[in-house]
2 protein chains.
Amino acid sequence: MKKIVVIGGGTGTFTVLSGLRQYPFELSAIVSTADDGGSTGILRDELGVLPPGDIRQALVALAADSTVLRDLLNYRFTDGTLKGHNFGNLLLSALEKVTGSFDKGVLEASRILAVKGRVIPVTTDLTHLRAEMTNGKVIHGEHKIEEYVWSEASNVKRLWLEPACSLHPDAQQAIRQADLIVIAPGSVFTSLIPNLLVKGMSEALQKSRAKVVYVVNLMTEKGQTGSYFVQDFVDLIEEYMGGRRVDYVLYNTRLPDQQLLDRYKKEMERIPVRFDKTRKARSMPYRMIGLNLLARQLSGQRNAADPLMGQRTLIRHNPARLADVLYSLLFVKDAEKYLR
Amino acid sequence: MKKIVVIGGGTGTFTVLSGLRQYPFELSAIVSTADDGGSTGILRDELGVLPPGDIRQALVALAADSTVLRDLLNYRFTDGTLKGHNFGNLLLSALEKVTGSFDKGVLEASRILAVKGRVIPVTTDLTHLRAEMTNGKVIHGEHKIEEYVWSEASNVKRLWLEPACSLHPDAQQAIRQADLIVIAPGSVFTSLIPNLLVKGMSEALQKSRAKVVYVVNLMTEKGQTGSYFVQDFVDLIEEYMGGRRVDYVLYNTRLPDQQLLDRYKKEMERIPVRFDKTRKARSMPYRMIGLNLLARQLSGQRNAADPLMGQRTLIRHNPARLADVLYSLLFVKDAEKYLR
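Analysis parameters
- Residues numbered from 1 in each chain as written.
- Chains lettered and ligands numbered in written order.
- Predicted model: local features only at pLDDT ≥ 70, side-chain atom pairs only at ≥ 80, totals over all residues.
- Heavy atoms only, no water.
- 1 Å grid on protein atoms, 1.4 Å probe; cavity = no way out; pocket = protein on both sides within 12 Å on 5 of 7 lines; lining within 4 Å.
- Points joined across faces, edges and corners; volume = space filled by probe spheres on them.
- Helix = DSSP H or I, 4+ residues; strand = E, 2+ residues; numbered from the N terminus.
- Nonpolar A, V, L, I, M, F, W, Y, C, P; charged D, E, K, R; others polar.
- Pairing = 2+ DSSP bridges.
- Axes fitted to C-alpha atoms, helices over the stretch in contact; angles between N-to-C directions.
- Contact = heavy atoms within 4.5 Å.
- Least-squares fit on C-alpha atoms with pLDDT ≥ 70 in both.
- Domains from an automatic or database assignment.
- Buried area = accessible area lost by both parts, 1.4 Å probe.
- Salt bridge = Lys/Arg side-chain N within 4 Å of Asp/Glu carboxyl O.

Draft legend 1. Highlighting empty space enclosed by the protein. Taken as a whole and assessed by the stated rule, the structure comprises 2 cavities of 30 Å³ or more. A volume near 90 Å³ is recorded for the largest cavity. Together, 14 residues line the largest cavity, and L91 and I112 of chain A together with L72, L91 and I112 of chain B are the ones closest to its centre. Counting only elements with at least two residues in the lining of the largest cavity, the list comes to α4 (67-74) and α5 (87-99) of chain A together with α4 (67-74) and α5 (87-99) of chain B. Partitioning the lining of the largest cavity into residue classes produces 14 nonpolar, no polar and no charged. Taken as a whole, the second largest cavity holds about 30 Å³ of empty space. Residue lining of the second largest cavity: S32, T33, A34, V122, T123, T127, L161, P194 and V198 of chain A, and that is the complete set. Looking at the lining of the second largest cavity residue by residue, the class counts come to 5 nonpolar, 4 polar and no charged.

Structure representation (structure tokens):
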């Protein structure tokens, strides 16, 4: 069975995994542990546990096909002292306490939830994201960085983790043995790059014989990647990959409905990520694969089983289409030529 | 397969179920929902859910044989806003919210935990325990009643549920189809009798062709049953059974170690429940079965997998011995004569 490693965190990773789980792949999700906002942040502060939020989303994507189980993991208490706490986060925190380590806790959660594949925290060292901004200021913590760039006070110049932390040995092994590595869409500075900052990650990527596919975001994010083209995303990611290049870049060519675009622009100052046709490809001309990757527009009806509903992301990738393309890249010779 | 119904709540029920689950019985646990103390009480107040505490203990007893799973369900958060909350209670509360009913939540929990048998809340109507004391005062709520009798201000004269509530149809069916009904040991006024107060329970017991076995507590409880003999326990239970008699009374004849007895006496004013030899049997002379039912004394070492550890109950029933005796009563002709 072909081995696929998905690197990321958040809803973009959820989407990629949801699609891939339908195929007979051996899946590993390597997930960021730099999150410190919301329920996750409170659990970090109060219980001293590792941040469960991104792990939880990956577990939900790969968990047994039960609507109730997914609803349960995504359930957020709405009243009393538990208000705002996500049940899946509480599960992971309690399992960390009971088993004595975050790592074992994630393994037990995977067992209880009959997860297909493996969810691996990128590191089990407790660490925090730091950002030096273009205005010289240093911001501490993933959540604060998101707030700061959102306020457009300044953009990120440099990111690092403090204290330095090491790649999970199982993540290292998964990357070494992978046939395909997918860098999932997601908040670049706060969900993707934190994975690449972990000590040992760039070495592992360089040593791996796997093709690396980067799935570019559909929409820009205010502050973080406000005016980025597809190529800018790739340049940014490669800057943190320590020499390893991306083999294939998957980007979307289909514009979402104008109504939705207007809403994104108005409410969140987000615009579609476009391919800049005026720029020459730096190298590897076939690696840029532009396709319609858009999910059909959501009806707006609440579906409790879908953790993306009620979140910011209405414009999103089509999980089945993504999985199809990744499948082709693995099994069809010169697929990139036909896919373009 | 023989059908056994266990009626109760709390650690006594846990013990009985733990023993019975090793046998090929079809098990149903009918569990009190009048609890309103501790984590359970907070969840009741803040989230408006039904009390999960007793249900949780029954689920743990019947859950798949996984130490981690049991530890998880019994895990109590020790810090921050979650302090004091039991994870199993949070699971049941979240499942009640996600599925829309306590009943469905318990079913889903049973599925997730691969529970052997069925755990049935005695009622799914939200209700509260009330007690009229011998001094005329009326006390509201299970937890308050426990506190009040503990302070020995007065003892319970009469108990009822408010508002009146109906027996769960599945509990009714289980009782009708049962071969043996076990009334588990436990706090008589706050864990056992609340089950018997539910509308429809005494009718169901009267209609059932099953033998009813009452497993009498090992130790008295201050305030509640401070100076009770075995016979007093039986009289009290039968008073609330609406005409149905207990067929067999299982009581313990072996005294715990003196050291443990001293500790119980000093710390909790609890003494062993004895059989009063001066009293004549009111009827059915064979029904009184006195045996060594005591678990071997606990080493005092903490075993995280055992939810009874760290609780008040150090002197407890031997689950395997209880199960053996119940098995004999079902399968051995005139077993009561040999067992005595």
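So that's the structure; there's more coming.
Draft legend 2. Molecular detail of the sheet that holds strand β4 (residues 128-133) of chain B. Residue and element names in this part refer to chain B. On the basis of which strands lie adjacent, the open sheet formed by 3 strands has the order β5-β4-β6 and antiparallel pairing. The two strands at the open ends of the sheet, each matched to only one other strand, are β5 (138-140) and β6 (156-162). For this sheet, the mean inter-axis angle between neighbouring strands, taken without regard to orientation, is 25°. In this structure, β4 lies alongside β6, joined through 6 bridges in antiparallel fashion. Across the sheet, the residue bridging to M133 is V156, located in β6. Most of the contacts of helix α7 (residues 142-150) go to β4, to which it runs at about 30°, and overall it touches β4, β5 and β6.

Draft legend 3. How the structure looks around the relation of the copies chain A and chain B. Screw-axis analysis of chain A against chain B gives a translation of 0.0 Å along the axis, an RMSD of 0.0 Å, and a rotation angle of 180°. This pairing of chains is accounted for by a two-fold axis. Across chain A, the smallest distance between a C-alpha and the rotation axis is recorded for T81 of chain A, namely 3.1 Å. When the interface residues of chain A are mapped onto chain B, 100% of them again fall at the interface, so both copies present the same face.

Draft legend 4. The domain arrangement of chain A, seen in detail. Residues and elements named next belong to chain A. Once the domains are mapped, chain A shows domain 1 (9-23 + 179-340) and domain 2 (33-113). One C-alpha centre belongs to domain 1, the other to domain 2, and the line joining them spans 25 Å. Between domain 1 and domain 2, a total of about 1100 Å² is buried, with carbon and sulfur atoms accounting for 57% of that surface. In this structure, the connection of domain 1 to domain 2 is made through 0 salt bridges.

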